[in-house]
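The primary structure of each chain is shown beneath.
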Amino acid sequence: MVNVGILGDVSVGKTTILRLFVKYVEDKTLQNKFKTGEASIVKADFSGEATLPSKGDEKETKTIHPNRVVFRIGDKMHTLFAPGGDDRPLVRMGITTVSRIARLIVAVFDVSRDIDDQFEFYSAVRFIPRTIIVAMNKADLLGKEMNKKIEEIKKRIADYFSSKRQIKVEGFYVTVAESNEEFQDQNDACARLILDCIDTESADKRA
Ligand SMILES: Nc1nc2c(ncn2[C@@H]2O[C@H](COP(=O)(O)OP(=O)(O)OP(=O)(O)O)[C@@H](O)[C@H]2O)c(=O)[nH]1
Ligand SMILES: [Mg+2]
């Protein structure tokens, strides 16, 4: 059983990554493309999603209580938690809880927004496990020179975690969490990063 926490600043796409993963399992993309063998969703709980009165261009739903997805691959069960990224106290409670129970953390960034602003989120998370992986999400919004921008962002993120938190990023993934035919590889990366998290954990246990 592996607990994976998907963390990141508000609206970076944590819930969308989780929903895409559920879709991949349900429509068997995971089983067919990634050759995982039998896989199924045991429980998908998105009841912590709330529609808030929107202020201008703000999006309309926010995660208040952590989303939770329990899935099974073969005879192993795993749980994914995605708390909200807002700084209201109730949401922060979810972040604290998830950061404590997760063995592995996926740190999600919105590459279309200022990256430095998004580091603020982590300064309020006291406990971060030793293994983290990074999803550079919304890559579809980068436009021209995507690869060059990605390389710059990657460096900034690696520097932040190593200098401020003494944490090594084990892997970087360029993701698009909204289903998009033009960005199939980046859609697939959302599922691949979750599978890699689970593999990392199994490898740790063998070591
Ligand atoms: N273009 C684009 N939009 C995305 C992508 N991922 C998420 N979004 C959009 O970004 C908005 C926020 O997505 P959420 O998944 O709710 O973000 P979140 O990180 O869970 O937000 P909180 O839990 O409230 O912190 C939604 O409107 C999504 O449709 C992406 O890869 N590309
Ligand atoms: Mg969310």
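For the structure itself, look to the data block above.
Everything numeric in this text was worked out from a predicted model, so none of it was measured.

Draft legend 1. Local environment of the pairing of strand β7 (residues 104-110). Most of β7 sits inside the fold, with seven of its seven residues counted as buried. Of the two faces of β7, both are covered, the one formed by L104, V106, V108 and D110 as well as the one formed by I105, A107 and F109. Where strand β1 (residues 2-7) meets β7, four bridges bridge the pair, whose relative direction is parallel. If you follow V4 over to β7, its bridge partner there is L104. With seven bridges joining them, β7 and strand β8 (residues 131-137) adopt parallel strand pairing. Within β8, the residue paired with A107 across the bridge is V134. With helix α4 (residues 115-123) bridging β7 and its parallel neighbour β8, the resulting β-α-β unit is right-handed.

Draft legend 2. Expanded view of the site of ligand 1. Around ligand 1 sit 21 residues in total, of which G13, T15, T16, T63 and G85 are the nearest. Among the elements of the structure, α1 (14-26) and β4 (61-63) are those that each provide at least two residues to the shell around ligand 1. For the shell around ligand 1, the element with the highest residue contribution is α1, accounting for three residues. Here the shell around ligand 1 is composed, by residue class, of five nonpolar, nine polar and seven charged.

Draft legend 3. Local environment of α4. Within the span of α4, buried status applies to Q118, F121 and Y122. Each buried residue of α4 sits inside an arc of 95° when the element is viewed along its axis, so together they form one side. When the buried face of α4 is taken as reference, the exposed residues oriented beyond 90 degrees from it are D116, D117, E120 and S123. Those residues of α4 that are buried are in contact with β7.

Draft legend 4. Molecular detail of the sheet that holds strand β9 (residues 168-174). Across the sheet, which stays open at both edges, the seven strands sit in the order β2-β5-β6-β1-β7-β8-β9 with mixed pairing between neighbours. Two strands close off the open sheet at either side, each with one partner strand: β2 (39-45) and β9. Across the sheet, the mean angle from the axis of one strand to that of its neighbour is 20°, orientation sign disregarded. Bridge analysis of β1 against strand β6 (residues 76-82) gives four bridges, and the strand direction is parallel. Bridge pairing in β6 links N3 to T79. The strands touched by helix α3 (residues 89-101) are β1, β6 and β7; relative to β1, the strand with the most contacts, the crossing angle is about 140°.

Draft legend 5. Representation of the environment of I167. Looking at the secondary structure, you find I167 in the loop between α5 (146-165) and β9. When sequence neighbours within four positions are dropped, the list of residues in contact with I167 reads I128, R130, I132, F161 and S162.

Draft legend 6. Structural context of the pairing of β9. In terms of strand pairing, β8 meets β9 through six bridges, oriented parallel. Bridge pairing in β9 places I132 opposite V169. With α5 bridging β8 and its parallel neighbour β9, the resulting β-α-β unit is right-handed.

Draft legend 7. Local environment of α1. Over its 13 residues, α1 extends 19 Å from the first C-alpha to the last, a length consistent with the 18 Å expected when each residue adds 1.5 Å. Count one or two residues on from α1 and you reach K28, which has phi positive near 70°.

Draft legend 8. A look at the nonpolar core. If you look at the biggest cluster of nonpolar residues, it comprises 45 residues, and the most contacted ones within it are I6, F21 and V106. When sequence neighbours within four positions are dropped, the list of residues in contact with V106 reads V4, I6, I133, A135, L193 and C197.

Scoring rules and cut-offs
- Residues numbered from 1 in each chain as written.
- Chains lettered and ligands numbered in written order.
- Predicted model: local features only at pLDDT ≥ 70, side-chain atom pairs only at ≥ 80, totals over all residues.
- Buried ≥ 20, exposed ≤ 12 C-beta atoms within 10 Å, placed from the backbone.
- Helix = DSSP H or I, 4+ residues; strand = E, 2+ residues; numbered from the N terminus.
- Pairing = 2+ DSSP bridges.
- Right-handed = clockwise from strand over helix to strand, strands pointing away.
- Near = placed C-beta within 6 Å.
- Nonpolar A, V, L, I, M, F, W, Y, C, P; charged D, E, K, R; others polar.
- Arc of directions from axis to C-beta.
- Contact = placed C-beta atoms within 7 Å.
- Axes fitted to C-alpha atoms, helices over the stretch in contact; angles between N-to-C directions.
- Expected span 1.5 Å × (residues − 1).
- Core = buried A, V, L, I, M, F, W, Y, C linked by C-beta atoms within 7 Å.

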